[in-house]
Structures are given as structure tokens and as C-alpha cells.
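Descriptive analysis of the structure
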Amino acid sequence: MSFTLHPRLAQDSLPVADLPLCQVRLMNDARFPWLLLVPRRDGLRELHQLDAGERVRLIEEIALVSRVLELVYRPDKLNIGALGNLVPQLHVHVVARFQSDAAWPGPVWGSGAAHPYPAERLAQTLERLRQRCTGQS
């Protein structure tokens with residue numbers, strides 16, 4: 001299937017893993033453990049544009065990524081959303097939230113400037129998440 005990642009998503013995030021439907025990406029903001037799921041289908045803007053089987057698959061992949069974030073980070077709460085106001089390409093945010101984080105209790109979107117991961121921490125974070133997403137650990 002054809003798949004082109006929106007330039008803003010490519011700029012702001014890094015690839016973690018490919019699941020059956022979605023590419024999982026890490027937002028490059030060390031303040032928040034924040035993953036994106038981007039269905040690998042061109043031209044999608046809304047959830048209802050996926051066929052019934054793909055919608056079920058997306059929910060299962062959201063659940064998988066949610067479990068990964070819970071196992072790795074032990075958050076107080078998970079935030080899940082598909083906004084698409086700035087980036088029209090269908091993508092779902094899954095964010096591990098803590099009462100101590102910089103945006104609590106508000107949304108992470110638009111909460112100050114991103115703090116990119118330092119190189120060593122980024123490599124470790126990507127590997128840890130990749131292993132969990134693909135069942136290697």
C-alpha cells in the first residue's frame with residue numbers, strides 16, 4: 001500500500017515500529033512520553049474513512065501502545081486523541097501523563113516549546129519502546 005507521512009509528523013517525531021496497520025512514532029519532546037499511531041494509508045483524514053476491519057485494527061493497536069506506555073512509564077493517566085487540526089493526515093496521539101508533568105492537568109498540545117531528547121536518551125527510549133511494541137521484551 002502507498003503511504004506518505006505528512007512533513008510535520010516527519011519533522012516532529014521519530015519512527016519506533018511498524019504494526020500491521022500503523023506506523024508508531026515517538027514525538028521528539030522529552031517532557032512527555034508521547035507516541036503517535038499513523039495508519040499507513042494515503043489520503044486518510046478521519047477515522048470513519050478506514051474500513052470496518054481497519055477501525056478494529058486501529059483500536060487494537062491503540063490498546064497495544066497504551067499497554068506499552070503503562071509498562072514502560074507507569075503514568076497516572078493516558079491521554080488518547082485524534083485531533084488533526086494542524087496535520088490533516090489521520091494520526092492518533094497516545095500520551096503518558098503524570099500529575100507532575102509540565103502541562104498537567106491541561107493538554108500537552110501547545111504547552112510550551114518541545115524539549116528534544118538528548119541523543120543517548122533518545123536511542124535508549126526508541127529501543128525500549130521498539131522492543132515492547134514488537135513483543136521482543
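Predicted model only: the values in this text are computed from it and were never measured.

1. Describing the overall build of the chain
Along its length, the chain carries three helices and five strands. Written out in order from the N terminus, the α and β elements of the chain read α-β-β-β-α-β-β-α. Taking 137 residues into account, the globule formula puts the C-alpha radius of gyration at 14 Å, and the chain, at 14 Å, falls close to it. Overall size of the chain, expressed as C-alpha extent along the three principal axes, is 40 × 35 × 25 Å. Split by element, the accessible area of the chain, about 7400 Å² in all, is 52% carbon and sulfur. Charged side chains of the chain number 16 positive and 14 negative; the gap between the two group centres comes to 2 Å.

2. Quick notes on the sheet that holds strand β2 (residues 22-27)
With antiparallel pairing, the five strands of this open sheet are ordered in space as β1-β2-β3-β5-β4. Each edge of the open sheet carries a strand with a single partner, namely β1 (13-18) and β4 (77-81). The mean angle between the axes of side-by-side strands here comes to 25°, regardless of whether they run parallel or antiparallel. Bridge count between β1 and β2: five bridges; the pairing is antiparallel. Bridge pairing in β2 places Leu-14 opposite Leu-26. Packed on one face of the sheet, helix α2 (residues 52-73) meets β2, β3 (34-39), β4 and β5 (92-97) and runs near 20° to β5. Along the sheet, helix α3 (residues 119-133) contacts β1, β2 and β3; its crossing angle with β1, the most-contacted strand, is approximately 25°.

3. A closer look at the pairing of β3
Taken across its six residues, β3 has six buried, putting it largely inside the fold. Here β3 shows no split at all, with Trp-34, Leu-36 and Val-38 on one side and Leu-35, Leu-37 and Pro-39 on the other all buried. Once β2 ends, the chain turns through six residues before running back antiparallel as β3. Relative to β5, β3 runs antiparallel, the two being bridged by four bridges. Pairing of Trp-34 across the sheet is with Val-95, part of β5.

4. Digging into the pattern of salt bridges
All chains considered together, the criterion is met by seven salt bridges. Put simply, Arg-97 and Asp-101 hold a salt bridge, and the shortest N to O gap is 2.7 Å. Two residues, Glu-127 and Arg-130, come together in a salt bridge whose shortest N-O distance is 3.6 Å. Of this pair, Glu-127 and Arg-130 both sit in helix α3, three residues apart, which is roughly one turn of the helix. Using a relative accessible area of 34% as the deciding quantity, one classes Glu-127 as partly exposed. You can call Arg-130 partly exposed: its relative accessible area is 28%.

Conventions and cut-offs
Residues numbered from 1 in each chain as written. Predicted model: local features only at pLDDT ≥ 70, side-chain atom pairs only at ≥ 80, totals over all residues. Heavy atoms only, no water. Helix = DSSP H or I, 4+ residues; strand = E, 2+ residues; numbered from the N terminus. Rg over C-alpha atoms; globule rule 2.2 N^0.38 Å. Areas by Shrake-Rupley, 256 points an atom, 1.4 Å probe, with all protein chains shown as cover. Lys, Arg positive; Asp, Glu negative; His and termini not counted. Charge placed at Lys NZ, Arg CZ, Asp CG, Glu CD. Pairing = 2+ DSSP bridges. Axes fitted to C-alpha atoms, helices over the stretch in contact; angles between N-to-C directions. Contact = heavy atoms within 4.5 Å. Buried < 20%, exposed > 50% of the residue type's maximum accessible area, 1.4 Å probe, protein only. Salt bridge = Lys/Arg side-chain N within 4 Å of Asp/Glu carboxyl O.

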